[in-house]
Amino acid sequence: MLQLEGSPWGMALTRDDGLLIVASDDRVAFIDSARLIAGSADAILGYLHDAPTAGRFYANVTPDDRWLFLSDESAQAISVVDLAKARASGFDNSAVIGQIPTGRAPIALTFSMDHRHMYTTSQVAPAVYGWPAVCSAPGSEAARQTAKYAEGAILVVDVSRATHDPANAVVSAAPAGCNPVRLATSASGDVAYVSARTDNALLAFDTRRLLIDPSHALIGRVPVGDAPVGVAVLDGGARIAVTNSNRFGGSSATQNLTIIDARKITSGAAAVLGTVPAGVFPRELRLTNDGKTLLLTNFGSKNLAMIDMARLPLARREE
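Residue numbering note: each chain is counted from 1, following its sequence as written. A pLDDT threshold of at least 70 governs which residues receive local features in this predicted model, and a stricter bar of 80 or more applies before side-chain atom pairs are shown or counted, although totals over entire chains, interfaces and linings include all residues. Based on all heavy atoms of the structure, the side-chain values leave hydrogens and waters out of the count.

Engineer: Any chance you could explain the state of the cysteines here in plain terms?
Structural biologist: Each disulfide is one covalent bond, formed between the sulfur atoms of two cysteines. Two cysteine sulfur atoms make up a disulfide if the distance between them is within 2.5 Å. Scanning the entire structure with this criterion turns up one disulfide. Across the disulfide from C135 sits C178; the S-S distance is 2.0 Å. Of note, the bridge from C135 to C178 carries an S-S torsion of about -85° and is left-handed in sense. Placement of the pair is C135 in strand β12 (residues 133-135) and C178 in the loop between β15 (170-175) and β16 (180-185), with a sequence separation of 43 residues. Secondary structure counts use DSSP, requiring at least four H or I residues in a row for a helix and at least two E residues in a row for a strand, with both numbered from the N terminus.

Engineer: Teacher, can you tell me more about unusual backbone geometry here?
Structural biologist: The backbone of D17 sits at a positive phi, close to 65°, despite the residue not being glycine. Structurally, D17 can be placed in the loop between β1 (11-13) and β2 (19-23). Of note in the backbone geometry, Q76 takes a positive phi value of approximately 55° without being a glycine. Relative to the helices and strands, Q76 resides in the loop between β6 (67-72) and β7 (77-82). Working definition: with a 1.4 Å probe on protein chains only, accessible area under 20% of the residue-type maximum means buried, over 50% means exposed, and in between means partly exposed. Looking at Q76, the relative accessible area reads 39%, which means it is partly exposed.

Engineer: How should the pattern of salt bridges be read in this particular structure?
Structural biologist: Pairs can form between side chains of opposite charge once their charged atoms are near each other. Within this document, salt bridges are pairs made up of a side-chain nitrogen of Lys or Arg and a carboxyl oxygen of Asp or Glu, the two lying within 4 Å of each other. Applying the stated criterion across every chain yields a total of 11 salt bridges. For the salt bridge of D42 with R35, the shortest nitrogen-to-oxygen distance reads 3.8 Å. The class for D42 is partly exposed, based on a relative accessible area of 45%. Three or more residues are tied together by salt bridges with common partners; here these are E5, D26 and R27.

What follows is the structure, encoded as structure tokens:
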């Protein structure tokens, strides 16, 4: 076990497997993965402390291990870090080249298949878009946030531009329901699946249209459980799993996952194959490399569940 400063959230591993990067709320930890595995006390190489109130939750790295992106939820931005400069400077703040402006609480940091673009979700679109206030805070949040607010957005970021002009790197934006949070792409990269937490729905977007016709990019909307968060693409894209967190329901009851037939994503509720029991506040999903086990973190239960893929509800064959 390695003790870290701050509150560890999202992690990213460089493609060479040498550096583990942990977003830790008000800082970022850089860890030598080989030393970590060996149990060395000096596995932590350093911390980035450039934005003490950023609220950093997730991280992702470009395939060449050169650029690091950090979702700064509280700062309504994504920070861009020159990893080569960070390593050379001992993770000095000068390695941060700038911020990509987003709306409230950017979360997803998902690359397109060709890595030319990155998709992020913002729970409330930037005010400059002038989108109407159509969303209402759910459950226990309603007392704190009484006024209605705008839909969230999928923002498409030009990765190359972000490395030298981050302030102008957003090239497209599409409405994505109320409080969109996670985003995962299909196996072929042609569809982006987004959990719209306050809409209790999974939304599907044509990624080509996200760039050229964002207002018409939405191709499917499937009702799921209360406050969906995590999304995972399964079976090479045949099925989608969504975690129903009920995080604003004021209950400690166990929840479930919704399993969706991706081939019927345009059919609404007819795309739902069934549900799988989960713990309290099921949050993140990851599929093992062999595709046989789905890993689920139950945030409220404080445990990790392992789900046998062979026993999930199966996609129905077309008649």
